Amino acid sequence: MLNRVIRGIAGTFILISLLLAVYVNINWLWFTAFVGINLLQSSLTQWCLMEDILKKFGIRNEAIPKKSRSNI
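Residues numbered from 1 in each chain as written. Predicted model: local features only at pLDDT ≥ 70, side-chain atom pairs only at ≥ 80, totals over all residues. Heavy atoms only, no water.

Enquirer: Mind laying out the layout of surface pockets, listing which residues take part and the relevant values?
Expert: Roughly 570 Å³ of internal volume is contained in the largest pocket. Along the wall of the largest pocket there are 21 residues; nearest its centre are Ile6, Asn38, Leu39, Cys48 and Met50. A breakdown of the residues in the lining of the largest pocket according to their chemical character gives 13 nonpolar, 6 polar and 2 charged. (1 Å grid on protein atoms, 1.4 Å probe; cavity = no way out; pocket = protein on both sides within 12 Å on 5 of 7 lines; lining within 4 Å. Points joined across faces, edges and corners; volume = space filled by probe spheres on them. Nonpolar A, V, L, I, M, F, W, Y, C, P; charged D, E, K, R; others polar.)

Printed below as a string of structure tokens:
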């Protein structure tokens, strides 16, 4: 659940900043770059500030039940 929310927020930020860059000011692309840099940083360091923020709001990772291989 937590990873899905983080990806949704990142995607929303990118789309909003692209729209703002087109319709308001090109400098909104710096925000797009900031989101991209944070995604890259979190993939390298395994630490994400948005994850810490969301955990403080009570959003947790849910255990995904493993599918039984006997059904294959």
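Enquirer: I'd like a description of the packing of aromatic side chains, backed by residues and values.
Expert: Think of a pair of aromatic rings as described by two things: how far the centres are apart, and how the planes are tilted against each other in angle. The full count for this structure, using the stated rule, is 2 aromatic pairs. Arranged with centres 6.4 Å apart and planes meeting at 25 degrees, the rings of Phe31 and Phe34 form a pair that is stacked. One end of the pair, Phe31, and the other, Phe34, are both in helix α2 (residues 29-45), 3 residues apart, so they sit about a helical turn from each other. Taken together, the aromatic side chains of Phe13, Phe31 and Phe34 make up a single cluster linked through ring pairs. (Phe/Tyr/Trp six-rings, centres within 6.5 Å; stacked < 30°, edge-to-face > 60°. Helix = DSSP H or I, 4+ residues; strand = E, 2+ residues; numbered from the N terminus.)

Enquirer: Got a sec to walk through a nonpolar patch on the surface? Specific residues and values, please.
Expert: Taken together, Leu19, Val22, Tyr23, Val24 and Trp28 make up a surface patch of nonpolar side chains, about 590 Å² in accessible area. Mapped onto the secondary structure, Val22 falls in helix α1 (residues 2-23). (Patch = residues over 30% accessible without salt bridge, like charges linked within 9 Å, V, L, I, M, F, W, Y side chains within 5 Å. Areas by Shrake-Rupley, 256 points an atom, 1.4 Å probe, with all protein chains shown as cover. Salt bridge = Lys/Arg side-chain N within 4 Å of Asp/Glu carboxyl O.)

Enquirer: Any chance you could break down the pattern of salt bridges for me, citing the residues and the numbers?
Expert: By the definition in use, this model includes 1 salt bridge. For Glu51, the salt bridge goes to Lys55, with nearest N and O atoms at 3.1 Å. You can see Glu51 and its partner Lys55 sitting in helix α3 (residues 49-56), 4 residues apart, about one turn around the helix.

All quantities given are derived from atomic positions and should not be read as evidence of function.
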